[in-house]
Amino acid sequence: MSVRMTAAGKFGWITDRRGYRYEGRHPRGTAWPDIPESLLTIWKAIAPDARTPECALINFYGEGARMGLHQDKDEADFGQPVVSVSLGDEGLFRIGGVERGGKTTSQWLRSGDVLLLSGAARLAHHGVDKIRFGSSTLLPGGGRINVTMRVVR
Ligand SMILES: O=C(O)CCC(=O)C(=O)O
Ligand SMILES: [Fe+2]
């Protein structure tokens, strides 16, 4: 099972027959909702010198969902960080280096954990190998939400 996605902010990350890209509108034609203040507060606290985030990607991991190793490299300015907030079930986060195929380390991300990818880590390969479905009571039906904020342009 793959990760389900939606977004808030100026841009959302979508996929269709043309592939993956940032879009200013939801596929149904409406603007994305604003990024909630509570999330902007976390961004400002952890990345005070960064610009305002333009996208909050909301990933939902149901039972069995995972995300393969990848780099976040569809943004224009890699000097701007990526900040993610994990909610609900624990997820096993794996991170390696900028080069593909290098050594990686893994870490369980728990509900409320905030992760910063900046500097040398901004282009590090990373992914989520598995979630511990049912390890948190936050989401009534179980699962993990990861909200990832980015400056896009
Ligand atoms: O779910 C996570 O912790 C990572 C999400 C991620 O890497 C992404 O959305 O690009
Ligand atoms: Fe990522």
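Computed from a predicted structure; not experimentally measured.

Caption draft 1: Representation of the coordination of the iron ion (ligand 2) within the structure. Around the iron ion (ligand 2), the protein contributes the donor atoms H70 (NE2), D72 (OD) and H126 (NE2), which lie 2.1 to 2.2 Å from the metal centre. Here the donor residues for the iron ion (ligand 2) map to a single chain with the spacing H-x1-D-x53-H. Classification of H70 as partly exposed rests on a relative accessible area of 23%.

Caption draft 2: Representation of the sheet that holds strand 7 (residues 91-95). Here four strands make up an open sheet; going across it, the order is 5-10-7-8 and the pairing antiparallel. Where the open sheet ends on each side, the last strands, each with one partner, are strand 5 (67-70) and strand 8 (105-109). Looking at each pair of strands side by side, their axes are set apart by 25° on average, direction ignored. Sheet analysis places strand 7 next to strand 8, joined by five bridges and oriented antiparallel. Each bridged residue has a counterpart across the sheet, and for L92 the counterpart in strand 8 is W108.

Caption draft 3: How the structure looks around the UniProt feature "domain: Fe2OG dioxygenase" (unreviewed entry) in the chain. UniProt annotation of "domain: Fe2OG dioxygenase" (unreviewed entry) refers to residues 52-153 when read in the numbering used here. Split by type, residues 52-153 is 0% helix and 44% strand. Its first and last C-alpha atoms lie 11 Å apart.

Caption draft 4: Broad picture of the sheet that holds strand 11 (residues 144-150). Strand order in the open sheet formed by five strands is 1-4-11-6-9, with antiparallel pairing between adjacent strands. Because the sheet does not close on itself, it has two edges, and the strands there are strand 1 (4-9) and strand 9 (114-117). Averaged over neighbouring strand pairs, the angle between their axes works out to 20° when direction is ignored. Relative to strand 11, strand 4 (residues 55-61) is paired through seven bridges, and the arrangement is antiparallel.

Thresholds, definitions, all that
Every chain's residues receive numbers from 1 upward, in the order its sequence appears when written. Chain letters start at A and ligand numbers start at 1, both assigned in the order the entries are written. In keeping with the model being predicted, local features are shown solely for residues with a pLDDT of at least 70 and side-chain atom pairs are shown and tallied solely at 80 or more, while totals for entire chains, interfaces and linings include all residues. The basis for every side-chain value is the complete set of heavy atoms in the structure, and neither hydrogens nor water enter the calculation. Coordinating donors are taken as N, O and S atoms within 2.8 Å of the metal, stretched to 3.2 Å for Na, K and Ca; because water is absent from the atoms, sites can appear incomplete. Think of it in three bands: with a 1.4 Å probe and only protein chains considered, a residue is buried below 20% of the maximum accessible area for its type, exposed above 50%, and partly exposed in between. Two strands form a pair only when DSSP identifies at least two bridges running between them. Numbering goes from the N terminus for both helices and strands, where a helix is a DSSP run of H or I of at least four residues and a strand is a run of E of at least two. To define axes, lines are fitted to C-alpha atoms, for helices over the stretch in contact only, and angles between the resulting N-to-C directions are given on a 0 to 180 degree scale. UniProt positions are given in the numbering used here, feature names are shortened, and annotations may be inferred rather than shown by experiment.

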